[in-house]
Amino acid sequence: MPLMNNKHALYYQTRKWILAHKLIQPGFSVVAAVSAGRDSCVMLHVLIDLSKELNYSLVVAHFDHQLRKESLAEQQFVQKLALDYGLPFYAGCADPNSIKKGGNVEDAARHARYAFLRKIARQSGAAKIAVAHHAQDQAETVLMHLLRGCGLEGLSAMAADENNIIRPLLSAMPQQLESYCRAYDVAFCVDESNMDTRYLRNHLRLDILPQLLQINPHLLQALTGTADICREENSLLTEYTQAAVAKFWQKDRRFLDKGFFALAPALQRRVVRQVFYQVSSEELSFTQTEAALALKEEQSLSCPKGWLIYRRGALYVGREQPALPQFEEIIKLRVDGAWHDLAGWGWEYLADDLTACSGPENKEEYHIVVPGETIGRLYFRTRREGDAVITFTQEKRRKVKEIFIAAKIPPYLRVGWPLLFAAQEMIWLPGLYKRHYEKKEAALMVKARRKKESLLKN
């Protein structure tokens, strides 16, 4: 089948598109996915013509889904086409029972087809796989995603180059493809299933788009332009998302640090979806993502395939609820006017003579003044079951657990909250309770404050 010397406008438009998006580099080998339909046969014709100028080679691949009785004849047609062009030809076929088993037939067929194309690319050493999607396909994809509900990612529709799947005709209008067919007498097969409006894409193409085009004759250009804009903006947000993941995602312990919650909601959604996919290889729906972000302390969300998202200060992703840390240390007070770490509890303290450490109040610090004679008996530890304090009436004791609950302190913070004891008596729960002593000349001030870094990072 000889190629004509005169160039059609589609030749120059495709050439410009390929160069602008750097789809094919000199020396590349490209797999041309040819179904036998008009669009892929036109794509093959154009790519062969351009290969001389752009210096790349082609192989032809055809995948038979075996869902129609005409499919064998179409494979034979493509095989002869490749032979006439002098190109290597690869054929593959699907197990129709596997494709029809459960789920969406169209999705299953597409996955099987792309798996075959990638296999052929590896076998033939091809750098790219060319498919024949054009501007109307792009517009239909935008509409389909809108009907199902989507964000910027869905509105971005198809990219010119996506994981080495290239679309050389993505800027071409269907009228241009028809004109090219007539000009070059390109042969192709007609797939009658494309007229079956039970499929959503066919319904949009045959029933809905004609009506919309009456309202806006330039609808295809408008929708493809929308996809281009959304893709660029989505790309920018993806960069922000990757930066946020790098900053807040603690990979080893599988949680998003609590600083993540200061991000804008749009960025939070993307970060949660990305880290969940990194851990589970599963996608979160919009509803599931919103539910994850709405979790309150100590609440969990059941996710696909047995995964769990859990809120405990940070946002965890795992198979089960994360265990609370255990702190068993008893820390004797050091009175030297310096700040000391409280054994990784997320707190630090300072103790000194009252006159030495008096000064302007710091809102981030809690303090208690105790008699000087208590110095040798002071120590910190964390809460234990049954801990209680003497109330101001001195008549009954109040459980520390009740104090935490009343102050709405979440469990993950309670476990590291320091309790100051004088011998066997609890005298201070920083910010929540303290025993008041009568003023004496020899007095000691103890201060405590949360460390700036997250407790959950320690």
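Residues numbered from 1 in each chain as written. Predicted model: local features only at pLDDT ≥ 70, side-chain atom pairs only at ≥ 80, totals over all residues. Heavy atoms only, no water.

## Re helix α1 (residues 9–20)
Helical geometry note: an α-helix holds 3.6 residues per turn, so side chains three or four residues apart project in the same direction. The terminal C-alpha atoms of α1 lie 17 Å apart, and with 12 residues this matches the ideal 16 Å at 1.5 Å per residue to within 8%. Among all positions of α1, only Leu10, Tyr11, Thr14, Trp17 and Ile18 are buried. Summarising the axial view, the buried residues of α1 lie within an arc of 135°, below the 170-degree limit, and thus occupy one face. Turned more than 90 degrees away from the buried face of α1 sit Ala9, Lys16 and Ala20, all of them exposed. On its buried side, α1 packs onto α2 (38–54) and α8 (174–184). Directly beyond the C-terminal end of α1, a positive phi value near 50° is found at Lys22. (Helix = DSSP H or I, 4+ residues; strand = E, 2+ residues; numbered from the N terminus. Expected span 1.5 Å × (residues − 1). Buried < 20%, exposed > 50% of the residue type's maximum accessible area, 1.4 Å probe, protein only. Arc of directions from axis to C-beta. Contact = heavy atoms within 4.5 Å.)

## Points about the environment of Phe260
With respect to the helices, strands and loops of the structure, Phe260 is situated in the loop between β8 (255–256) and α11 (265–280). Classification of Phe260 as buried rests on a relative accessible area of 0%. Between the C-alpha atom of Phe260 and that of Met195, which follows or precedes it by 65 residues, the distance is 49 Å. The residues touching Phe260, leaving out its near neighbours within four places in the chain, are Phe248, Gln268, Val271, Val272, Leu293 and Leu315.

## What about the sheet that holds strand β3 (residues 89–93)?
One open sheet accounts for six strands, arranged β3-β2-β1-β4-β6-β5; its pairing is mixed. Every interior strand has two partners, whereas the edge strands, β3 and β5 (161–162), have only one. Pairing geometry for strand β2 (residues 57–64) and β3, over five bridges, is parallel. Opposite Val60, over in β3, you have Phe89 as the bridge partner. Those strands touched by α2 are β1 (29–33), β2 and β4 (128–130), and its axis lies near 155° from that of β1. Of the strands in this sheet, β2 and β3 touch helix α3 (residues 71–85), which is tilted by about 170° from β2. (Pairing = 2+ DSSP bridges. Axes fitted to C-alpha atoms, helices over the stretch in contact; angles between N-to-C directions.)

## Quick word on the environment of Thr289
With respect to the secondary-structure elements, Thr289 resides in helix α12 (residues 286–293). It is 7.0 Å that separates the C-alpha atoms of Thr289 and Val272, two residues lying 17 residues apart in sequence. Excluding anything up to four places from it in sequence, Thr289 contacts Arg269, Val272, Arg273 and Leu284. Reaching out from Thr289, the side chain makes a polar contact with the backbone oxygen of Ser285 at a distance of 2.8 Å. (Polar contact = N/O pair within 3.5 Å; in protein donor to acceptor, adjacent residues only side chain to side chain.)

## Regarding the sheet that holds strand β19 (residues 419–422)
The strand order β12-β16-β19-β20-β21 describes an open sheet built from five strands, whose pairing is antiparallel. At either margin of the open sheet sits one strand with a lone partner, and together these are β12 (331–332) and β21 (433–434).

## Concerning helix α9 (residues 200–215)
Compared with the 22 Å implied by 1.5 Å per residue over 16 residues, the 21 Å span of α9 between its first and last C-alpha is a close match. Ile208 marks where α9 bends most, by close to 45°; the proline Pro210 follows one to four residues later. Buried residues in α9 make contact with α6 (135–148) and α10 (219–248). (Bend = angle between axes of the 7 residues up to and from the residue.)

## Some points on unusual backbone geometry
Of note in the backbone geometry, Asn164 takes a positive phi value of approximately 70° without being a glycine. For Ala423, which is not a glycine, the phi torsion comes out positive at approximately 60°. On the secondary structure map, Ala423 appears in the loop between β19 and β20 (425–429). We classify Ala423 as partly exposed; its relative accessible area is 27%.

## Description of the packing of α2 against α3
The geometry of α2 relative to α3 is characterised by a closest axis approach of 12 Å and an angle of 10° between their N-to-C directions. The angle between α2 and α3 places the two elements in the roughly parallel class. Of the two elements, α2 crosses α3, and the hand of that crossing is right-handed. Counting all contacts with α2, which are made through Cys41, Leu44, His45 and Ile48, the residues of α3 involved are Phe77, Leu81 and Tyr85. Residues belonging to the contact of α2 with α3 are distributed by class as follows: six nonpolar, one polar and no charged. (Parallel < 35°, antiparallel > 145°, perpendicular 65-115°, else oblique. Left-handed = near helix turned anticlockwise from the far one by under 90°. Nonpolar A, V, L, I, M, F, W, Y, C, P; charged D, E, K, R; others polar.)

## Section: the confidence of the model for the protein chain
Of all residues in the protein chain, 94% attain a pLDDT of 70 or more, and the chain-wide mean is 90. Every residue in residues 454–458 is under pLDDT 50, and counting partners more than four places away or in other chains gives 22 contacts. (pLDDT = per-residue confidence, 0-100.)

## Structural notes on the pattern of salt bridges
Inspection of every chain in the model, using the stated rule, returns 24 salt bridges. Ionic pairing is found between Glu140 and Arg205, a salt bridge with its closest N-O pair at 2.9 Å. A residue pair is termed long-range when its members are at least 10 positions apart, and Glu140 in helix α6 and Arg205 in helix α9 qualify at 65 residues. Through salt bridges with shared partners, a single network forms among Asp137, Glu140, Arg201 and Arg205. (Salt bridge = Lys/Arg side-chain N within 4 Å of Asp/Glu carboxyl O.)

## Considerations on the packing of aromatic side chains
All told, the structure shown has 12 aromatic pairs when counted by the stated rule. Centre to centre, the rings of Phe63 and Phe116 are 5.3 Å apart; their planes meet at 35°, and the pair counts as tilted. Linking Phe63 in strand β2 with Phe116 in helix α5 (residues 105–124), this pair joins segments that are 53 residues apart in sequence. Here Phe63 and Phe116 have matching classes, each one buried. Taking 5.8 Å as the distance between ring centres and 70° as the angle between the ring planes, the aromatic pair formed by Phe404 and Trp417 counts as edge-to-face. Within this pair, whereas Phe404 is found in helix α14 (residues 400–406), its partner Trp417 is found in the loop between α15 (411–414) and β19, the two being separated by 13 residues in sequence. (Phe/Tyr/Trp six-rings, centres within 6.5 Å; stacked < 30°, edge-to-face > 60°.)

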